[in-house]
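Commentary on secondary and tertiary structure
Okay, here's what each chain looks like letter by letter:
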Amino acid sequence: MSTSLAARRPGSPISAQFCLLVTFAVVAAVWVGVVGSGSRHALLHDAAPVLLAPLALWLFFSERYHVTLAVLLLYLGLLDGVAKLSSGSTLATLGRDVLLYAIVLGAAVRIILRKTRLTVPPFTGLVLAWVAVCVMQLANPVNASFLHAATGLRQHLEFVPLFFFGYFVLRSERRLVALLALLLVIAAANGVVSVVQTSIGVNGLAKWGPGYASLVHGTGAGAASIFVTTTGQIKLRPPALGNAYGFGGFVGLMAVPGALALLSGARRSVKLGLLLAPAMILTTLGIVTSQARLDVVGGLVAVVAFLALTLTSRRGLGVLALTTVLGVAGYFGISAFASNTDNRYSSIAPTRLLGTAVTARQATLASIPTYIARYPLGAGIGSVGPAGGSSIGGAQGSGSGLDAESEFTFLLIEAGIPGLAVMLWFTVAMTAVGVRLRRIADPALQRPLMALVAVWIAIFATWLFGAVTANSPSAPFIWVTGGAFAYWYGEMRAGRLVLRPQRLRRTLALR
């Protein structure tokens, strides 16, 4: 599974097979999302098990992990949500587990049969501590039932194996750039579908399948997919190619820093710039049309973080100029869009942003001390989050009805103080490691890494406004990029990377 650093070829093009795979996946996802409606989705949910079986077998036998991971990420970003909402069945989300664990089991079998010796990634102890804390929740007496609790483990542990694949796969500049390009392609496709869904409105989207109808006409979580304007009109918060509102905007948040990194590296390639510019525009449209204020604010945080992390030399001035132009355009664009009464952005106008952020989660944050005192060991795993609505194993646990609208309260309810402590430790540690990697001297490696770190910072900031460690697309991104940070941090500690001298030491001429 390891990749030799000496074998890196930063300038080599992405293979034709990979480009063809991405093209087919995007075209299929856009076709299903835009054209498919009503009974036309029968092909999707009736044939999905048949279509997934040979794909899972290929993923099991393939040793090209960079390709199999790309297929998995494309499925998560383009097809997973469509499969669930078009069929109206939550079991459709098991398709991603079939693909993910086909890769995991295939790798595990090869390691065992070949008796391969593997290097233990840095921070594996934290990852195992998180697994242990979650598994111990099975013994929590307030769980609705053992079966329900076991089912609730899925939302916390589903994507953990991606940490190890990120460590062994993302070992070159080329693969990091390919990940950024993949995120941009997914975000652009979601942007196209988000615009279409916005144009057809609530009633038009409801015709796409039973899951879509439940999402926009239902109660509880479904009610959040619509909003009422100041003029009394009912407007849609489109799910794009995801299974909940704001999916396209959050994918866009994750893709924007990478788009800036790719654009800054494409100064000498006009053709590449012409491809990246439309993708960047579609990604921005996906963020704006998502009607999710968190995605807009998070995107701005990610851009600012990327700018701060890449201003390490005169070469960073190009990134500064590019980001300044895009930032000014985005400022006036969002301000103009916010002045329209048919959206939810007036409350995040630059002059009202801080007040809105505090007010929106004031009650949630005030609940943190209460939950620490009342549920030190958790209120029952699987009580809230994606597993909260599951009826498997009996009724919901005692955590149902509690406020899980922030990552802090979500983790306290699900895993208690130990779970919050371990995940907070892991997040802070990986963010700190990512920031330390900004000292890498080679900009071709440093900028893709800093694009990923910028997203980590933005996701960390969203801990105040939503649960991110148990939802797609944030959860798979966290684990796979965390593994990448662990690898490059190990390389830096081993002295195999050329680093820029620290500014203070350089100024004082110290070593």
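Numbers given to residues run from 1 along each chain, matching the order in which its sequence is written. Whole-chain, interface and lining totals are the exception, using all residues; otherwise, since this is a predicted model, local features are given only for residues with pLDDT of at least 70 and side-chain atom pairs are given and counted only at 80 or more. Each side-chain value is derived from all of the structure's non-hydrogen atoms; neither hydrogens nor water enter the calculation.

**A word on the overall build of the protein**
In this description a helix means any DSSP run of H or I spanning at least four residues, a strand means any run of E spanning at least two, and both kinds are numbered starting from the N terminus. Within the protein, the secondary structure is distributed over 21 helices and 2 strands. Using a 1.4 Å probe on the protein chains alone, a residue whose accessible area is under 20% of its type maximum counts as buried, one over 50% counts as exposed, and one in between counts as partly exposed. For the protein, the proportion of its 511 residues judged to be buried stands at 51%. Throughout, a residue-residue contact means that at least one pair of heavy atoms, one from each residue, lies within 4.5 Å. Counting only contacts in the protein whose residues sit at least 6 apart along the sequence, the fraction spanning at least 24 positions is 79%. All accessibility values rest on the Shrake-Rupley procedure with a 1.4 Å probe; residue burial counts only the protein chains present in the view. Total accessible area on the protein stands at roughly 22,800 Å², and carbon and sulfur atoms take up 68% of it.

**As for the nonpolar core**
Residues enter a nonpolar core if they are buried and are Ala, Val, Leu, Ile, Met, Phe, Trp, Tyr or Cys, with the set joined through side-chain atoms within 4.5 Å. Of all hydrophobic cores here, the largest spans 131 residues; its most connected members are Trp130, Phe426, Leu449, Trp479 and Phe485. Sequence-distant contacts of Phe426, defined by excluding residues within four places in its chain, comprise Leu126, Val127, Phe163, Trp456, Ile478 and Trp479.

**Section: the packing of aromatic side chains**
Between rings of Phe, Tyr and Trp, where Trp is taken as its six-membered ring, a pair exists when centres lie within 6.5 Å; planes separated by under 30 degrees are stacked, by over 60 edge-to-face, and by other angles tilted. Evaluation of the coordinates by the stated rule reveals 15 aromatic pairs. On the numbers, 5.0 Å between centres and 85 degrees between planes, the contact of Phe60 with Phe61 is edge-to-face. For Phe61, a relative accessible area of 59% corresponds to the exposed category. Taking 5.5 Å as the distance between ring centres and 80 degrees as the angle between the ring planes, the aromatic pair formed by Phe460 and Trp463 counts as edge-to-face. Taking the relative accessible area as the measure of exposure, Phe460 reaches 24% and is therefore partly exposed. Looking at Trp463, the relative accessible area reads 2%, which means it is buried.

**Here we look at the pattern of salt bridges**
Any Lys or Arg side-chain nitrogen located within 4 Å of an Asp or Glu carboxyl oxygen qualifies as a salt bridge. If you walk through the whole model with that rule in mind, you get 6 salt bridges. Here Arg114 makes a salt bridge to Glu63, at a shortest N to O gap of 2.8 Å. Taken together, the positions of Arg114 in helix H5 (residues 94-114) and Glu63 in the loop between helix H2 (42-61) and helix H3 (65-78) put the pair 51 residues apart, joining distant regions of the chain. Glu63 sits in the partly exposed class, given a relative accessible area of 43%. One salt bridge connects Arg154 with Glu158, and the closest N-O pair in it is separated by 3.4 Å. Shared partners join several salt bridges into a network, and the residues in it are Asp80, Arg96, Asp97, Arg154 and Glu158.

**Observations concerning the packing of H5 against helix H9 (residues 161-169)**
Across the interface, H5 lies against H9 with an axial gap of 11 Å and an inter-helix angle of 60 degrees. Between H5 and H9 lies a crossing whose hand is left-handed. Counted together, Leu100, Tyr101, Ile103, Val104 and Ala107 of H5 and Pro161, Leu162 and Phe165 of H9 form the full contact between these two elements. For this scheme, ten residues count as nonpolar: Ala, Val, Leu, Ile, Met, Phe, Trp, Tyr, Cys and Pro. Four count as charged, namely Asp, Glu, Lys and Arg, and the remainder, Gly too, count as polar. Of the residues that constitute the contact of H5 with H9, the class distribution is 8 nonpolar, no polar and no charged. Axis definition: a line fitted to C-alpha atoms, over the contacting stretch in the case of helices. Angles run 0 to 180 degrees between N-to-C directions. Should the near helix be turned anticlockwise from the far one by less than a right angle, the crossing is termed left-handed; should it be turned clockwise, right-handed.

**Some points on helix H14 (residues 293-310)**
By this rule the span expected of a helix is its residue count minus one, scaled by 1.5 Å. Compared with an ideal rise of 1.5 Å per residue, which puts 18 residues at 26 Å, H14 spans 26 Å between its outermost C-alpha atoms and is within 8% of the ideal. Residues of H14 that are buried: Asp295, Val296, Gly298, Gly299, Ala302, Val303, Ala305, Phe306, Leu307, Leu309 and Thr310.

**Remarks on unusual backbone geometry**
Residues Ser472 and Pro473 are joined by a peptide bond in cis, for which omega reads 15 degrees. Relative to the helices and strands, Pro473 resides in the loop between helix H19 (443-461) and helix H20 (474-493). A positive phi angle, near 55 degrees, is found at Lys115, a position not held by glycine. Summarising the element assignment, Lys115 is placed in the loop between H5 and helix H6 (124-136). The exposure class assigned to Lys115 is exposed, which follows from its relative accessible area of 71%.

This is a description of form; function is not addressed.
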